[in-house]
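# Examination of the molecular architecture
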Amino acid sequence: EEFFGTSGPVELNELVYRILGDASSRSAALATGEIDFVDLVPYQDLESFGDAEGITIEGTALPGMPQMNYLNANIPPTDDIRVRKALIYAFDRDTLIDTVYFGSVPPAYGPLSSDFAEYDPAVEDMYSYDPDRAAALLDDAGWIMADDGRRYNEAGEPLVITMPFQSVWNHWIPLMQAQYQEAGFEVVLSEPGDYFTDTSATQYNAPAMGDVFASPVAIRRDLHSDSLGPSSVNAGHLSDPVIDDLLDRAGSEIDKTKRAELLSELQIYVMDQAYMVTVFELLFFTAQGPDVQGVVADGTGFYKYFAGASN
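What you are looking at is a predicted structure, and each value in this text was computed from that prediction instead of being measured.

## A short note on the sheet that holds strand 10 (residues 283-288)
- Taking strand neighbours across the sheet as the criterion, the three strands line up as 1-10-2 in an open arrangement whose pairing is antiparallel. The open sheet has two edge strands with one neighbour each: strand 1 (37-38) and strand 2 (56-61).
- Here strand 1 runs beside strand 10; their pairing, made up of two bridges, is antiparallel. Looking at strand 10, one finds that F37 is bridged to Q288.

In structure tokens:
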């Protein structure tokens, strides 16, 4: 198939896969020429690889729902839209991207990544990092900052949010936790065994999530109420009739322009209701030596194919 970049027999006589579980071992093996191609390059190695002679770095976008944290509207204190909006305004996305991901990933602003033609850039102007505005919203919601740097309501209860943390994946959580503590939140982290099973069974205030799909209407499985259940990616337990209606209509609309309008309305509504704090658009980075050409990824950016590769 043309997709593979060749119309005839493959050029490689042999392809050897090596399973190197440690990221630093993979990077070292490529740097020494022991291997020719590495997937999932650690963010901290991108700069050093980029300066290395003969090594090519390529970042492949994974379209879908960006990396984000749902803001659960079913449980306190995030059942208050003022608290949800305060969490968005209190989040310094740019500093986090520079610190944790070495400035190598683009920021995310809404529930769809910018790879889609249906992406509405209007979401980029809806929020910005504004700790003063976050503080005003929390004051208005009755959460007052005390001398100990934490916020309490008039009953003396602290402002607490819960977040699951999976250290092998959502690396941004510790810095996000620190930013929210600076705003007066107490942030309780837990590291579940099976992340999807746990977040579908437990209602956390701000569970991290993301998704990869080739069609924007596939976001139904993340946001529609009928996706709730075991191992659901609707970890925010969203059940909003407005969202359901927009997704139902977008999923059956065959006119591209009308479908784009529905998806635009969906993006604006999700962010207007502050149902998520967006972090970054996911890229997977590969690195290859000087003798490798013709490796391609599929439409979701995931699988690397070597049918058209040569060295």
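## Looking at the sheet that holds strand 3 (residues 64-70)
- On the basis of which strands lie adjacent, the open sheet formed by three strands has the order 8-3-9 and antiparallel pairing. Of all the strands in the sheet, just strand 8 (208-212) and strand 9 (276-280) have a single pairing partner and so form its edges. Mean inter-strand twist for the sheet, computed between neighbouring axes without regard to direction, equals 30°.
- As judged from the four bridges shared by strand 3 and strand 9, these two strands associate in the antiparallel manner. Bridge pairing in strand 9 links Q67 to F280.
- Across the face of the sheet, helix 6 (residues 173-182) comes into contact with strand 3, strand 8 and strand 9 while running at roughly 130° to strand 9.

## Quick look at the nonpolar core
- Membership of the largest hydrophobic core comes to 77 residues, with the highest contact counts inside it found for Y180, F185 and L223.
- When residues in this core are grouped by element, the largest group, six residues, is from helix 10 (residues 256-272).
- By size, the runner-up hydrophobic cluster in this structure holds five residues, among which are F37, V292, V295 and F306.

## Examining helix 5 (residues 131-140)
- Buried within helix 5 are the following residues: A134, L137 and L138. Here the buried residues of helix 5 occupy an arc of 95° about the axis, which is enough to place them on one side. Structural note: helix 5 exposes D132 and D140 on the side pointing more than 90 degrees away from its buried face.
- As for helix 5, its buried residues are in contact with helix 3 (81-89) and strand 5 (151-152).
- Phi turns positive one or two residues past the end of helix 5, at G142, with a value near 90°.

## A short note on the environment of T300
- Inspection of the secondary structure puts T300 in the loop between strand 11 (296-297) and strand 12 (304-305).
- By relative accessible area, which is 16% here, T300 ends up buried.
- Residues T300 and P207, spaced 93 residues apart in sequence, show a C-alpha to C-alpha distance of 23 Å.
- When neighbours within four sequence positions are excluded, T300 is seen to be in contact with A61, L62, P63, V212, F213 and A214.
- For T300, the side chain forms a polar contact with the side chain of D298, separated by 3.0 Å.

## Here's the deal with the environment of V270
- In this structure, V270 sits in helix 10.
- Classification of V270 by relative accessible area gives buried; the value is 0%.
- Once you skip the residues sitting within four places of it in the chain, V270 turns out to touch P111, L223, I243, Y275 and M276.

## A look at the packing of helix 3 against helix 5
- Between helix 3 and helix 5, the shortest axis-to-axis distance is 8 Å and the interhelical angle comes to 165°. In terms of orientation, helix 3 lies roughly antiparallel with respect to helix 5. Handedness of the crossing formed by helix 3 with helix 5: left-handed. Mapping the contact onto sequence places R82, V83, K85, A86 and Y89 in helix 3 and P131, R133, A134, L137, L138 and D140 in helix 5.

Rules used in this analysis
- Residues numbered from 1 in each chain as written.
- Predicted model: local features only at pLDDT ≥ 70, side-chain atom pairs only at ≥ 80, totals over all residues.
- Heavy atoms only, no water.
- Pairing = 2+ DSSP bridges.
- Helix = DSSP H or I, 4+ residues; strand = E, 2+ residues; numbered from the N terminus.
- Axes fitted to C-alpha atoms, helices over the stretch in contact; angles between N-to-C directions.
- Contact = heavy atoms within 4.5 Å.
- Core = buried A, V, L, I, M, F, W, Y, C linked by side-chain atoms within 4.5 Å.
- Buried < 20%, exposed > 50% of the residue type's maximum accessible area, 1.4 Å probe, protein only.
- Arc of directions from axis to C-beta.
- Polar contact = N/O pair within 3.5 Å; in protein donor to acceptor, adjacent residues only side chain to side chain.
- Parallel < 35°, antiparallel > 145°, perpendicular 65-115°, else oblique.
- Left-handed = near helix turned anticlockwise from the far one by under 90°.

Function-wise, these values are silent; they only describe arrangement.
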